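Residue-level listing of the chains:
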Amino acid sequence: MASRYDRAITVFSPDGHLFQVEYAQEAVKKGSTAVGIRGTNIVVLGVEKKSVAKLQDERTVRKICALDDHVCMAFAGLTADARVVINRARVECQSHKLTVEDPVTVEYITRFIATLKQKYTQSNGRRPFGISALIVGFDDDGIPRLYQTDPSGTYHAWKANAIGRSAKTVREFLEKNYTEDAIANDNEAIKLAIRALLEVVQSGGKNIELAIIRRNQPLKMFSAKEIELQVTAIEKEKEEAEKKKSKKTV
Amino acid sequence: MALQDVCKWQAPDTQELSPHLSQAGGWAVPRGCDPPTFLQTQGPRLAHGTTTLAFRFRHGVIAAADTRSSCSNYVACPASRKVIPVHQHLLGTTSGTSADCTTWYRVLQRELRLRALREGQLPSVASAAKLLSAMMSRYRGLDLCVATALCGWDRSGPALFYVYSDGTRLQGDIFSVGSGSPYAYGVLDRGYRYDMTTQEAYALARCAVAHATHRDAYSGGSVDLFHVRESGWEYVSRNDAWVLYSELQKLPELEEQEEKEASQVHPEPATPAQSW
């Protein structure tokens, strides 16, 4: 049944599916994991870095991109599609500033990206964008925000979310561990993001890329060393928790 | 879209400004005729004379204007409204061609309302000023004449912008626009302080417009006074300009009396006796 209704995406299937959009969501599930956390004074984005070939320059692979001074996004899915979307979003951020003198709100730019994605689900001759995006930032009123968009063009606000490969596992981890204490201060929020990623990333801190935005400060990308520091701290905490547990049982 | 590109059809962009206005320069003029020159030689004689002023201070923004609408030597309306509300927290003083001002303010109202619906909050006064100046600068050279001060209260507090139809957009604390503005500026510059009380601000605005109506032939009628506070704009009063001016003239007599009383209490020192 599906094969007859997935050629031209403008056609609905008899039971109401847009199959090309659903296939795009499958493509997203193949991409490397990205996680976003909304703290009280900080927003954190973490992504799993795919291992690069020996001769490849690692620095050219960037999955976390700034859209403006106060907004950034991470994506999961087709990198080339993401590049196009990010370009359009960056232009829109500046056009908005030119037309109305104010920087975009996080919700505005999310809505723009979502509208762009939706347009491509309702055009003939075009396929949807194969990416989901996590968009984070602070608005003028100082409130932190995290939004997620998907290939169908819908967007929602989240406290914490994950996209890409094993997103379900990470989301379940976050549901269990996202508490008021966990985001009590900036460092805790960063650690929560790394712990969430470590659930699914093999070979630890080497394959993690992390970025944060604090209120009224520009995007900060963590260096490999800083990530290592956090990972060691997390492992120490784990060991101490284990020791406490074993002491209790004895 | 592929089919679109072949047919060369452009989809309307919902993010752009939406006024359905004819393209600038889209005039039915004879071939080879240049619109600005045409307007200067053949167009309607539009005269502009007015006094409007606006200044921002701690407790908001004051907007005041006279009420005389003139057309060369003829007073078309002695009681016109030159301060136009745009929305609850934004007023505009208008000067220039009345028709242009009212039309462009309606366009601005529509743009701001659309954006408020889309974004969930009203744009700031800076945004409104930017939108207005961008819209009008497309018609530059076509004899549009709108000189306006946008007075409002937004997230950043009291805000005041001057916008002119050639695209000028300036931020400031005091603006006076119109043929009577030099007279008003004199009074304003003398009495303005950011930390004035509301009553002092009202008095200053009324005094400035009254003086301008006294000297400028194209200003007169009454003095309208508006105040934009944090809670929105308020129409404070409309006073006859001549009555106001006469009352202001009485005040120096009071000052003279006070001086006399003061000199009686402290007699001037006696001249020292000349020594031979």
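Computed from a predicted structure; not experimentally measured. (Residues numbered from 1 in each chain as written. Chains lettered and ligands numbered in written order. Predicted model: local features only at pLDDT ≥ 70, side-chain atom pairs only at ≥ 80, totals over all residues. Heavy atoms only, no water.)

Turning to the overall build of chain A, a few remarks are in order. Looking only at helices and strands, chain A features six helices and ten strands. For the C-alpha atoms alone, the extent of chain A along its principal axes is close to 65 × 50 × 40 Å. Considering only contacts in chain A between residues 6 or more positions apart, those separated by 24 or more positions represent 61%. Entry remark: accessible area of chain A is about 13,400 Å², with carbon and sulfur atoms responsible for 51%. With 40 positive and 33 negative side-chain charges, chain A shows a separation of 4 Å between the mean positions of the two kinds. (Helix = DSSP H or I, 4+ residues; strand = E, 2+ residues; numbered from the N terminus. Contact = heavy atoms within 4.5 Å. Areas by Shrake-Rupley, 256 points an atom, 1.4 Å probe, with all protein chains shown as cover. Lys, Arg positive; Asp, Glu negative; His and termini not counted. Charge placed at Lys NZ, Arg CZ, Asp CG, Glu CD.)

A separate point is the sheet that holds strand β6 (residues 90–96) of chain B. Residues and elements named next belong to chain B. One open sheet accounts for five strands, arranged β5-β6-β7-β8-β9; its pairing is antiparallel. One side of each edge strand has no neighbouring strand; the edge strands of this open sheet are β5 (83–87) and β9 (169–171). Taken over all neighbouring pairs, the strand axes of this sheet differ in orientation by 25° on average, direction set aside. Here β6 pairs with strand β7 (residues 146–154) via seven bridges, running antiparallel. Within β7, the residue paired with Leu 91 across the bridge is Cys 151. (Pairing = 2+ DSSP bridges. Axes fitted to C-alpha atoms, helices over the stretch in contact; angles between N-to-C directions.)

Here the focus is the packing of aromatic side chains. In total, this model carries nine aromatic pairs over all chains according to the counting rule given. Look at Tyr 120 of chain A and Phe 129 of chain A: their rings are 4.6 Å apart centre to centre, the planes differ by 40°, and that puts the pair in the tilted class. According to the relative accessible area criterion, Tyr 120 of chain A is buried, its value standing at 18%. Taking the centre distance of 5.9 Å and the plane angle of 50° together, the rings of Phe 226 of chain B and Trp 233 of chain B count as tilted. What links up through ring pairs into an aromatic cluster is the set Phe 55, Phe 57 and Tyr 192 of chain B. Sitting over the ring of Phe 75 of chain A, Lys 63 of chain A keeps its end group 5.2 Å from the ring centre. (Phe/Tyr/Trp six-rings, centres within 6.5 Å; stacked < 30°, edge-to-face > 60°. Buried < 20%, exposed > 50% of the residue type's maximum accessible area, 1.4 Å probe, protein only. Lys NZ or Arg CZ within 6 Å of the ring centre and 35° of its normal.)

Moving on: helix α3 (residues 106–119) of chain A. Residues and elements named next belong to chain A. Taking 1.5 Å as the rise per residue, α3 with 14 residues should run 20 Å; its terminal C-alpha atoms sit 20 Å apart, in good agreement. Buried residues dominate α3, accounting for ten of its 14 residues. Along α3, the residues classified as buried are Val 106, Tyr 108, Ile 109, Thr 110, Arg 111, Phe 112, Ile 113, Ala 114, Leu 116 and Lys 117. (Expected span 1.5 Å × (residues − 1).)

Attention shifts here to the side chain of Lys 191 of chain A. All names here are of chain A. Among the structural elements, Lys 191 can be located in helix α5 (residues 186–198). On the basis of relative accessible area, Lys 191 is assigned to the buried category, the value being 8%. In contact with Lys 191, other than residues within four places in its own chain, are Gln 230, Ile 234 and Glu 237.

The next thing to look at is the UniProt feature "active site" (unreviewed entry) in chain B. Residue and element names in this part refer to chain B. Mapped onto the present numbering, the UniProt feature "active site" (unreviewed entry) falls at Thr 50. Mapping Thr 50 onto the fold places it in the loop between α2 (35–42) and β1 (52–57). Setting aside residues up to four positions removed in sequence, Thr 50 forms contacts with Asp 66, Lys 82, Ser 95, Val 177, Gly 178, Ser 179, Gly 180, Asp 216, Tyr 218 and Ser 219. (UniProt positions renumbered as here; feature names shortened; annotations may be inferred.)

Here Leu 160 of chain B lies in strand β8 (residues 157–164). Residues Leu 160 of chain B and Ile 174 of chain B, 14 residues apart in the sequence, show an inter-C-alpha distance of 8.0 Å.

Residue and element names in this part refer to chain A. Positive phi values are uncommon outside glycine, yet Glu 101 reaches one of about 65°. Mapped onto the elements, Glu 101 comes out in the loop between α2 (79–100) and α3. The class of Glu 101 is partly exposed, set by a relative accessible area of 35%.

Looking now at the confidence of the model for chain A. Mean pLDDT for chain A: 90, with 94% of residues reaching 70 or above. When the elements of chain A are averaged for pLDDT, helix α6 (residues 224–249) of chain A gives the smallest value, 88, and strand β7 (residues 155–157) of chain A the largest, 97. (pLDDT = per-residue confidence, 0-100.)

The grouping of Lys 243, Lys 244, Lys 247 and Lys 248 of chain A at the surface amounts to a positive patch. Looking at where Lys 243 of chain A falls in the secondary structure, it is placed in helix α6. (Patch = residues over 30% accessible without salt bridge, like charges linked within 9 Å, V, L, I, M, F, W, Y side chains within 5 Å. Salt bridge = Lys/Arg side-chain N within 4 Å of Asp/Glu carboxyl O.)

Okay, the pattern of salt bridges next. Working definition: two side chains of opposite charge can pair if their charged atoms are close together. All names here are of chain A. On inspection of all chains with the given rule, the structure shows 22 salt bridges over all chains. A salt bridge links Arg 127 to Asp 81, with the shortest nitrogen-to-oxygen separation between them at 2.8 Å. With a gap of 46 residues between them, Arg 127 in the loop between α3 and β5 (131–138) and Asp 81 in helix α2 connect regions that are remote in the sequence. The class for Arg 127 is partly exposed, based on a relative accessible area of 44%. Its salt-bridge partner being Lys 220, residue Glu 226 comes within 3.0 Å of it at the nearest N-O pair.

What follows concerns the interface of chain B and chain A. Across the contact, 14 residues belong to chain B and eleven residues belong to chain A. When chain B packs against chain A, close to 1,200 Å² is buried across both sides, 43% of that on carbon and sulfur atoms. The salt bridge partner of Arg 111 of chain A is Glu 119 of chain B, with a shortest N-O separation of 3.4 Å. Linking chain B with chain A are seven residue pairs in polar contact (both at pLDDT 80 or more). Elements with a minimum of two residues in the side of chain B that touches chain A: α1 (2–7), α3 (98–119) and α4 (125–137) of chain B. Per-element accounting of the side of chain B that touches chain A gives the leading share, four residues, to α4 of chain B. Grouping the constituent residues of the side of chain B that touches chain A by class yields five nonpolar, three polar and six charged. (Buried area = accessible area lost by both parts, 1.4 Å probe. Polar contact = N/O pair within 3.5 Å; in protein donor to acceptor, adjacent residues only side chain to side chain. Nonpolar A, V, L, I, M, F, W, Y, C, P; charged D, E, K, R; others polar.)

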